[in-house]
Each structure stands twice: as structure tokens, then as C-alpha cells.
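Topology and contacts: notes
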Amino acid sequence: MTAKGGATPSPGGAGGPSVGNGRFFTVGLVTAWYSSNIGVLLLNKYLLSNYGFKYPIFLTMCHMSACALLSYAAIAWLRVVPMQLVRSRVQLAKIAALSLVFCGSVVSGNVSLRYLPVSFNQAVGATTPFFTAVFAYIMTVKRESWVTYLTLVPVVTGVIIASGGEPSFHLFGFIMCIGATAARALKTVLQGILLSSEGEKLNSMNLLLYMAPIAVIFLLPATIFMEDNVVGITIQLAKKDFTIVWLLLFNSCLAYFVNLTNFLVTKHTSALTLQVLGNAKGAVAVVVSIMIFKNPVSITGMLGYTLTVIGVILYSESKKRSNKP
């Protein structure tokens, strides 16, 4: 029994329950982010390779359609973030340019999954910092410290070693994967250049709200001309086995939740924490994909991937130190 008018002390001390709830919430967010990231990657691989649904552009268009609809619902109805308006045609043109590069990265990544195992796809994808540094130097003449550039050596060397030791290596798939990684890095650099002024900055959720429908407009003619009668084929597949419809719907919604959880994890932790978690996510995705798809992995390939991850961690640490005042 407590004294009259006194407060009952919390079991965990001052702020105990709220701190505990905050930790559980953060762990839940990170778990959701990991699950959606790895889930969409594995489901893309299953659809495009194992299931035999060989239409990566149409699949990407499904993703972008879901992102457009769910982004509007989350911002306009659920008020997840305040809606930011496009202020000019010039800003809209810049967003369209980013959307085109974004389309290129997602389509190329999906194409690569038709030919490459997820483990190798992730190894190549880990070289994003290398391409980011290259594009930043070319487009903004922004130079990093020599230590930062030195950390990129194991990043690239690791992928070269992994490529030589990959039993399922496919040249076209490798080129597509490199293209996807480079396009992802280019979008990051372009976004910093094109939407750098205070009046044009958009948070990632609002940027997706405008980019996704523009991406659908870009992808629709590409789907029609490059993946002949894909809608008719999908309808025929659905008549035989309706599972394909549920797989496409779930996969498309999952693609949106990758972006949503990415934003929420950054908001409730930090960009640096997200970067560290991202490095670990790649390793988790590799292990899970090998367990599910049973793709052969050589010791040389794993050593190469490990070297790449070490290089990415060193790069992140070097960037963190160079950004300190």
C-alpha cells in the first residue's frame, strides 16, 4: 500500500515501462523491416525462377502500382506522415527522372533474380557504396578521404572473388545485377542533387507517393512491348491455379512495406543504425535463401562475400568518422 497522494513506483524504475515498450516497438519495427525486405527478395526469386513466372517488368509494375495505392492510403487517410505537395513542374520533372532510374534498378534487379541465386545477388548488391562514391565524385566532384576510398578495395575484391567461386554464375544475370546496383547508387546521388533545396526536399514516403505512379506510366508501355500478352498469360495461369494471384498481391504489398518499414526504422532509430542493420540483413538473406532454395555455395564464394561485407562495414565506419565535426 502506498501513502495517500503518493505515486506507485514503476517496476523498472523511472520510465521503466515506457523504455521497455519503446524497445519492444523498435525491435518489432526492425523485425518487420527484415521480414519484408528478405520476404520480397525470396518471393521475387520464387516467382521469377522456381515458379516460372518470367515477367520481371510486369512484376515490377505490380510492385509500383501497390506502392502508389498504399502510399496514398497511408499519407492521405492514415496520416502516417504529413502530405508534401509538388511545388512546380521543374520539381515534378526531377521526380520523374528519379522514378526512371528507380524503375531501371528494380527491373534490373528482378531480371537478375531469374538467373542468379539470392546469395550471389546480395553479394553484388553489397557493392552499392562503391558505385555511390564513384557517382558522387563524377557528378558533384565530392571527394572522400583516402581511407574511405581504401575501404572500397575489399568491397570490389570480395565480389570479384565471389564471382569466380559462384557455381551458378550467369553473365547476363551478373550484368543485370551490376546495373541494378549502379542504378540504386545513382538514384541516391541524384536525389541529393535534384531535391537539395529546402523547398524541394521530400521525405521518403512522399517521394514514393509521387515516384510510384510515374513508374507505372514508364513500365506500362515497356510491359506491353517487351512482355507480350503478359496479362492474358497471367489470367490463364490464374484459371489453372489461383495461387498466382495471391502471390502477386502479397508480393506487391510486401514491396510497399519494405519502403514503409525502412522509413519507420530510420525515423525511430537513425540512418546509421539502418546502415548497420542493412549490412547484417544481407548476410541473413544469404543464409535464409541457401536454406530455402538449396543453391550450391562454394567456400571461395562465401569468403568473397564475407570480404565484401567487411569492406562495407569499414566504409560505413570511415564515412561516420569523416562526417564528425
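Structural notes, computed from the coordinates.

Cut-offs used in this document
Residues numbered from 1 in each chain as written. Predicted model: local features only at pLDDT ≥ 70, side-chain atom pairs only at ≥ 80, totals over all residues. Heavy atoms only, no water. Helix = DSSP H or I, 4+ residues; strand = E, 2+ residues; numbered from the N terminus. Contact = heavy atoms within 4.5 Å. 1 Å grid on protein atoms, 1.4 Å probe; cavity = no way out; pocket = protein on both sides within 12 Å on 5 of 7 lines; lining within 4 Å. Points joined across faces, edges and corners; volume = space filled by probe spheres on them. Nonpolar A, V, L, I, M, F, W, Y, C, P; charged D, E, K, R; others polar. Axes fitted to C-alpha atoms, helices over the stretch in contact; angles between N-to-C directions. Parallel < 35°, antiparallel > 145°, perpendicular 65-115°, else oblique. Left-handed = near helix turned anticlockwise from the far one by under 90°.

Here the focus is the side chain of Thr128. With respect to the helices and strands, Thr128 occurs in helix H5 (residues 128-140). The contact partners of Thr128, leaving out residues within four places of it in the chain, are Thr181, Arg184 and Ala185.

Let us now look at empty space enclosed by the protein. In this structure the tally under the stated criterion is one cavity of 30 Å³ or more. Of the pockets and cavities examined, the largest cavity occupies roughly 90 Å³. Ser119, Glu166, Val297, Gly301 and Met302 are the residues nearest the centre of the largest cavity, which is lined by 13 residues in total. Of all the elements in the fold, those that place two or more residues in the lining of the largest cavity are helix H4 (118-125) and helix H12 (299-323). Tallied by class, residues from the lining of the largest cavity come to eight nonpolar, four polar and one charged.

The next point concerns the packing of helix H2 (residues 56-77) against helix H10 (residues 243-268). Packed helix pairs are specified by the crossing angle of their axes together with the interaxial distance, meaning the distance between the axes. The interhelical angle for the contact between H2 and H10, taken along N-to-C directions, is 55°, at an axis separation of 8 Å. In this view, H2 runs oblique relative to H10, as classed from their interaxial angle. When the axes of H2 and H10 are compared, the crossing they make is right-handed. Facing Phe58, Leu59, Cys62, His63, Ala66, Cys67, Leu70, Ser71 and Ala74 of H2, the residues of H10 in contact are Leu248, Asn251, Ser252, Cys253, Ala255, Tyr256 and Asn259. When its residues are assigned to classes, the contact of H2 with H10 shows eleven nonpolar, five polar and no charged.

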